[in-house]
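# Architecture and fold: a report
Listed below are the residues making up each chain.
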Amino acid sequence: DDGKLSFDEFKAYFADGVLSGEELHELFRTIDTHNTDNLDTEELCDYFSKHLGEYENVLSVLEDLNITILKAMDKTKKDYQEASNLEQFVTRFLLKETLNQLQSLQSSLECAMETTEEQTRQERKDSTKPEVLSVQWPGKRLARRLQRNNSLSSNNPYSSTGWIEEDSQWVIQINRLQKLIDRLEKKDLKLEPLEEKVMEENARSHIMIVQHQMSVIEEKVEEFRLALKQYVGSASAQGGCLHVSIQKLPSNFHFIVYEFWENSNAWNSHLQMNYSKAFQSSNVDFLETPELVTTMLVPGKY
């Protein structure tokens, strides 16, 4: 945070697992045109601006894109709460689509980085000792690939060098994680053979699971809570009801109710009860959109 980079700071960020320590030091001296043994912002900009090529346009577009996205985020923050349900849905869709496009672009760039570095490593194999990353880059796949190819193998000829002694605890933890990942990647899929089971006549056949999704009008929340409490109390008291659970999403006035019934007959009988009909009738006034009900039958005995 002093506005300049020492060689250790430079190496910590720019080491890519390909260049050797000597090559990194030579690059540092080349950029350090002021001969101060530190790099300032001006020196870094002068060096890399000479080598941008086609990426000058890429970085320029990214800068414009960053500004455009920040402006869109600012407008979204101001307008979203006042928008209608449909307008909010469109906003969420556009945010998700923008994220998908950016992630797709990032994936392409990560593949390009992996390919170029792998190609360079193959060309330079056994010729120079690479300087290993001490700070991970943003790309998760890149960081994992670099660590895996350059530092984690027990057969790596550089496994006894000074950097491992310095970061031995990190290496131990990363090796443990790598072994776990390798086991998971090589784990064979095991499929159980098809097995038919005949249910006993007196056994409970299927449990009915019911999910209610309800978006409540903000001004009606307290009235809705009271009606919901009465409904849950009455439903739980029914002989065929196994369990009732309520969840409220923190971001809005959206409630989810889960009901577990002994069977579909118990659920159908519950629907005919006066308390159930009264609750459904009151929801006409309480909900912004019609209630979404999902049901599923699951085996009652395994």
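What you see is a predicted model; the values in this text were computed from it and never measured.

Scoring rules and cut-offs
Residues numbered from 1 in each chain as written. Predicted model: local features only at pLDDT ≥ 70, side-chain atom pairs only at ≥ 80, totals over all residues. Heavy atoms only, no water. Helix = DSSP H or I, 4+ residues; strand = E, 2+ residues; numbered from the N terminus. Buried < 20%, exposed > 50% of the residue type's maximum accessible area, 1.4 Å probe, protein only. Contact = heavy atoms within 4.5 Å. Areas by Shrake-Rupley, 256 points an atom, 1.4 Å probe, with all protein chains shown as cover. UniProt positions renumbered as here; feature names shortened; annotations may be inferred. Patch = residues over 30% accessible without salt bridge, like charges linked within 9 Å, V, L, I, M, F, W, Y side chains within 5 Å. Salt bridge = Lys/Arg side-chain N within 4 Å of Asp/Glu carboxyl O. Lys, Arg positive; Asp, Glu negative; His and termini not counted. Charge placed at Lys NZ, Arg CZ, Asp CG, Glu CD. Axes fitted to C-alpha atoms, helices over the stretch in contact; angles between N-to-C directions. Left-handed = near helix turned anticlockwise from the far one by under 90°. Nonpolar A, V, L, I, M, F, W, Y, C, P; charged D, E, K, R; others polar. Pairing = 2+ DSSP bridges. Phe/Tyr/Trp six-rings, centres within 6.5 Å; stacked < 30°, edge-to-face > 60°. Lys NZ or Arg CZ within 6 Å of the ring centre and 35° of its normal.

## Describing the overall build of the chain
When helices and strands are counted, the chain shows eleven helices and six strands. Classification of the 302 residues of the chain by burial places 25% in the buried group. Counted over contacts in the chain with a minimum sequence separation of 6, partners at least 24 positions apart contribute 67%. With an accessible surface of roughly 22,000 Å², the chain has 54% of that area assigned to carbon and sulfur atoms.

## Thoughts on the UniProt feature "domain: EF-hand" (unreviewed entry) in the chain
As annotated by UniProt and renumbered to match this structure, "domain: EF-hand" (unreviewed entry) occupies residues 19-54. For residues 19-54, the end-to-end C-alpha separation is 23 Å, with 56% helix and 6% strand making up the annotated structure.

## Description of a negative patch on the surface
Together, Asp 1, Asp 2, Asp 8 and Glu 9 line one region of the surface with negative charge. The topology assignment puts Glu 9 in helix H1 (residues 7-14).

## Overview of the packing of H1 against helix H2 (residues 21-31)
Running from N to C, H1 and H2 point in directions that differ by 115°, and their axes come no closer than 11 Å. Our pair here, H1 against H2, has a crossing hand that is right-handed. Between H1 and H2, the residues in contact are Phe 7, Phe 10, Lys 11 and Phe 14 and Gly 21, Leu 24, His 25, Leu 27, Phe 28 and Ile 31, respectively. Looking at side-chain class alone, the contact of H1 with H2 contains seven nonpolar, two polar and one charged residues.

## Things to note about a nonpolar patch on the surface
A cluster of nonpolar side chains, contributed by Tyr 55, Val 58, Leu 59, Leu 62, Leu 65, Leu 102, Leu 105 and Leu 109, occupies part of the molecular surface with about 690 Å² of accessible area. Sorting elements by how many residues they give to the nonpolar patch places helix H4 (residues 55-79) first, with five residues. Locating Tyr 55 in the fold gives a position in helix H4. Since its relative accessible area comes to 55%, Tyr 55 is described here as exposed.

## Section: the sheet that holds strand S3 (residues 206-215)
Pairing is antiparallel in the open sheet, where four strands are placed in the order S4-S5-S3-S6. Looking at which strands have only one partner, the edges of the open sheet turn out to be strand S4 (241-249) and strand S6 (292-299). Here the average twist between neighbouring strands, direction ignored, is 15°. Pairing of S3 with strand S5 (residues 254-261), which is carried by eight bridges, proceeds in the antiparallel orientation. Directly across from His 212, in S5, lies its bridge partner Val 257. The sheet contacts of helix H10 (residues 264-271) involve S3, S5 and S6, and relative to S5 the element is tilted by about 125°.

## Some details on the packing of aromatic side chains
Applying the stated rule across the entire model yields twelve aromatic pairs. For the pair Phe 7 and Phe 28, a centre-to-centre distance of 5.4 Å together with 75° between the ring planes defines the contact as edge-to-face. With a gap of 21 residues between them, Phe 7 in helix H1 and Phe 28 in helix H2 connect regions that are remote in the sequence. When sorted by exposure, Phe 7 lands in the same class as Phe 28, which is buried. Each member of the aromatic cluster is reached from another via a ring pair, and the members are Phe 7, Phe 10, Tyr 13, Phe 14, Phe 28, Tyr 47 and Phe 48. For Lys 248, the ring lying beneath its charged end belongs to Phe 255, and the centroid distance is 6.0 Å.

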